[in-house]
Structures are given as C-alpha cells and as structure tokens.
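Observations on chain architecture
Okay, here's what each chain looks like letter by letter:
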Amino acid sequence: MRKLVAGNWKMNGTSADLPQLNALADQHGDASVDVVICGPATLLSRMADTGLSIGGEDCHPSSSGAYTGDISAAMIADTGATYVITGHSERRTDHNEDDALIASKATAGWNAGLHVIICIGESEAQYRAGETLDILRAQMDQSIPDAATAETTTIAYEPIWAIGTGLTPTAEEISAVHAALRVHLEARFGAEGSAMRLLYGGSVKASNADEIFALANVDGALVGGASLKATDFSPIITALEASA
Ligand code: 13P
C-alpha cells in the first residue's frame with residue numbers, strides 16, 4: 001500500500017496561489033508517497049499543469065445534465081485531475097448531503113476513472129456521547145458502495161470537531177478508531193479492506209504529523225489549512241515519507 005497525503009483547499013485559492021503548487025512539485029515531484037491536492041473547480045486545469053496529482057473536492061452523481069452550478073466527475077477528470085473527495089463533513093452539513101447521495105457520488109467518480117476519497121466523521125456531540133464508532137460504522141456501511149476496492153477508494157476519518165479547530169483526538173483515540181475502522185472494512189471487503197488506505201484528517205500540521213503517521217492503520221492524512229502554503233505542507237509530506 002502506498003501512503004497518501006492529500007490537501008483539501010476548500011473554498012480557497014486563485015491564480016495567485018498556483019506558485020505554491022509549483023514549489024511543491026519542485027520539492028516533492030519524486031516523493032515516495034502519493035501527494036494530491038484537491039482544489040476548487042475553477043483552478044483544477046491549471047493545478048494539473050504543475051504535474052502534481054490533483055483532485056476535485058466534490059462531484060455531482062450524474063455525468064451531465066440540467067444541474068446549474070454543479071460539476072460532474074467527468075468534468076473533473078477532463079481537467080487532468082485523478083482524484084475526487086466525496087462526503088466531506090462540510091458537504092454533509094452545509095449542503096445536507098446524506099450517505100446515499102455520497103455513495104452515488106463515489107460511484108460517479110469511479111465511472112469517470114477517478115480515485116475517490118470518501119470522508120466520514122462524528123460531531124462533537126456524538127464524540128462526547130461516546131457514539132463515535134457507531135456513527136462511523138453506519139457512515140461506512142451506507143456511504144461506501146459495495147464495488148469499492150483498495151485501488152479505487154481511500155477512506156478519510158475526519159472528526160468534525162477537529163477540523164480547523166487546532167484540536168485533535170489523542171494518539172490513543174486515533175489508534176483505537178482506525179483499528180476499529182480496519183476491522184469493519186475487512187469484515188465487508190476482505191483483502192481489499194486490508195489494503196484500502198485509511199487517512200486521518202483534522203488539524204494535521206507539521207508539529208503533530210510525526211506522531212499521527214506513526215500510528216498503525218493511519219495510511220496518510222487529509223489536510224485542510226496546512227495544505228494551502230507549500231512551507232506548511234512540505235514538512236507533512238516529508239513526515240509521511242519518513243514513516244512509510
Ligand atoms: P484542517 O486541516 O484545516 O483541520 O481541515 C481538515 C479537513 O477538513 C480536510 O478535509
């Protein structure tokens with residue numbers, strides 16, 4: 001299994017930010033781990049020109065049609081991108097996306113030849129109530145389609161309360177959750193579930209990357225804020241390479 005560090009630029013980035021990617025491509029073009037930047041649709045073509053692996057942040061479940069403002073997986077692939085995120089908590093919460101929709105978006109991504117990063121994560125209230133594993137298992141059951149394979153799919157665990165807050169679960173908590181997710185994936189997908197990458201996301205930065213990447217069943221990270229600047233993202237890539 002090749003480890004993966006993926007940046008998620010969210011609703012950030014204009015032409016002025018493209019040099020950040022050129023810097024990353026120069027420094028990490030031959031990285032021993034997969035490096036992907038998922039960016040806004042407006043920039044994807046130009047991001048792909050840097051030679052880095054690029055992804056969309058979301059896609060529509062249909063391949064084309066009368067869906068004003070939406071972007072299909074085929075359109076994302078047409079930019080030169082090779083990845084797409086589905087089920088990010090900001091889509092689940094801000095756009096009322098449910099597991100069934102997220103599953104159909106994952107299938108759309110595969111049909112367009114994209115590798116799909118499916119996100120799951122519990123809210124702070126669910127965490128405090130001790131419901132984390134129940135929530136995550138249900139999200140996995142319903143938002144990962146049966147056809148998922150290790151080659152086409154990566155799972156990203158992002159506790160909602162850790163996103164953009166500077167808070168993270170303890171190393172013990174991340175370990176316990178990822179171990180449980182692995183057991184659940186293997187029960188459903190067998191060997192494919194053993195080989196499917198499990199990313200951690202939520203306030204990953206250079207200062208905590210080493211500790212997080214040392215944990216069993218953490219096969220990389222999905223990084224928001226710290227992916228926007230090459231000087232912040234580069235040491236995270238280096239930390240994952242050192243752990244691989
Ligand atoms: P932060 O790294 O900014 O906490 O964001 C995590 C995230 O949501 C990545 O998808």
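Whatever comes next refers back to the structure up there.
Report on the accompanying structure. (Residues numbered from 1 in each chain as written. Predicted model: local features only at pLDDT ≥ 70, side-chain atom pairs only at ≥ 80, totals over all residues. Heavy atoms only, no water.)

1. Concerning the overall build of the protein chain
What counts, and what does not: Helix and strand definitions here come from DSSP, where helices need a minimum of 4 consecutive H or I residues and strands a minimum of 2 consecutive E residues; each element is numbered from the N-terminal end. Just to be clear, the radius of gyration here is over C-alpha atoms, and the globule rule we use is 2.2 Å times residues to the power 0.38. Using a 1.4 Å probe on the protein chains alone, a residue whose accessible area is under 20% of its type maximum counts as buried, one over 50% counts as exposed, and one in between counts as partly exposed. Any two residues having at least one pair of non-hydrogen atoms within 4.5 Å are treated as being in contact.
Helices and strands together make up the secondary structure of the protein chain, namely 11 helices and 8 strands. A compact globule built from 244 residues would reach a C-alpha radius of gyration of about 18 Å, and the protein chain, at 17 Å, matches this within 12%. When the backbone C-alpha atoms are referred to their principal axes, the protein chain occupies close to 45 × 40 × 35 Å. Burial analysis of the protein chain (244 residues in total) assigns 51% to the buried set. Counting only contacts in the protein chain whose residues sit at least 6 apart along the sequence, the fraction spanning at least 24 positions is 73%.

2. Re helix α1 (residues 18-28)
Note: α-helices contain 3.6 residues per turn, so residues at a spacing of three or four share the same orientation. Which entries qualify depends on this criterion: To be clear, the arc concerns the directions from the helix axis to the C-beta atoms.
Buried within α1 we find L18, L21, L24, A25 and H28. Summarising the axial view, the buried residues of α1 lie within an arc of 110°, below the 170-degree limit, and thus occupy one face. Among the structural elements, β2 (34-38), α2 (44-48) and α11 (230-243) are those in contact with the buried residues of α1.

3. Focus: the nonpolar core
For clarity, the cut-off: Nonpolar cores were defined as sets of buried Ala, Val, Leu, Ile, Met, Phe, Trp, Tyr and Cys residues, with membership established by side-chain atoms within 4.5 Å.
Ranked by size, the top nonpolar core spans 62 residues in total, and within it V5, I37, M47, I155, F213, F233 and I236 carry the most contacts. Those residues in contact with F233 that lie beyond four places of it in its chain are V5, A6, G7, L24, V35, V36, I37, V223, A226 and S227. With 11 residues, the next largest nonpolar core counts L4, A6, Y83 and I117 among its residues.

4. Section: unusual backbone geometry
Trans peptide bonds make up the majority, and among non-glycine residues the majority have a negative phi. The phi torsion at S203 lies on the positive side, around 60°, for a residue other than glycine. Positionally, S203 belongs in the loop between β7 (197-201) and α10 (206-213). On the basis of relative accessibility, which here comes to 16%, the residue S203 falls in the buried class. Of note in this structure, N217 is not a glycine but carries a positive phi near 70°. Note on placement: N217 falls in the loop between α10 and β8 (220-223).

5. Some remarks on the site of the ligand
Put simply, the test is: Each residue is tested against the molecule or strand, and it is near if at least one of its non-hydrogen atoms lies within 4 Å. Pairs of N or O atoms within 3.5 Å make up the polar contacts considered here, provided that, within protein, one atom can donate a hydrogen while the other can accept it, and that residues adjacent in sequence are counted only when both atoms are side-chain atoms. Computed with a 1.4 Å probe, the accessible areas rest on the Shrake-Rupley method; for each residue, only the protein chains presented here act as cover. Put simply, Ala, Val, Leu, Ile, Met, Phe, Trp, Tyr, Cys and Pro go in the nonpolar bin, Asp, Glu, Lys and Arg in the charged bin, and everything else, Gly too, in the polar bin.
Residues in close proximity to the ligand total 13 residues, the closest being K10, H88, G164, S203 and G225. Taking E158, its side chain carries an N or O atom lying 2.9 Å from an oxygen atom of the ligand. Relative to its unbound accessible area of 310 Å², the ligand is 94% covered by the protein chains. Tallied by class, residues from the shell around the ligand come to 4 nonpolar, 7 polar and 2 charged.

6. Here's the deal with the pairing of strand β1 (residues 4-8)
Just so we agree on the cut-off: Here the rule is simple: two strands pair whenever DSSP picks up at least two bridges between them. The path from the first strand over the helix to the second decides the hand: if it runs clockwise while the strands point away from the viewer, the crossover is right-handed.
Judged by how many residues are buried, β1 sits mostly within the fold: 5 of 5 residues are covered. Side-chain alternation along β1 places L4, A6 and N8 on one buried face and V5 and G7 on a second face that is also buried. Across 5 bridges, the pairing between β1 and β2 is parallel. In the strand pairing of β2, N8 is matched with C38. With respect to chirality, the unit in which β1 leads through α1 into the neighbouring parallel β2 is right-handed.

All quantities given are derived from atomic positions and should not be read as evidence of function.
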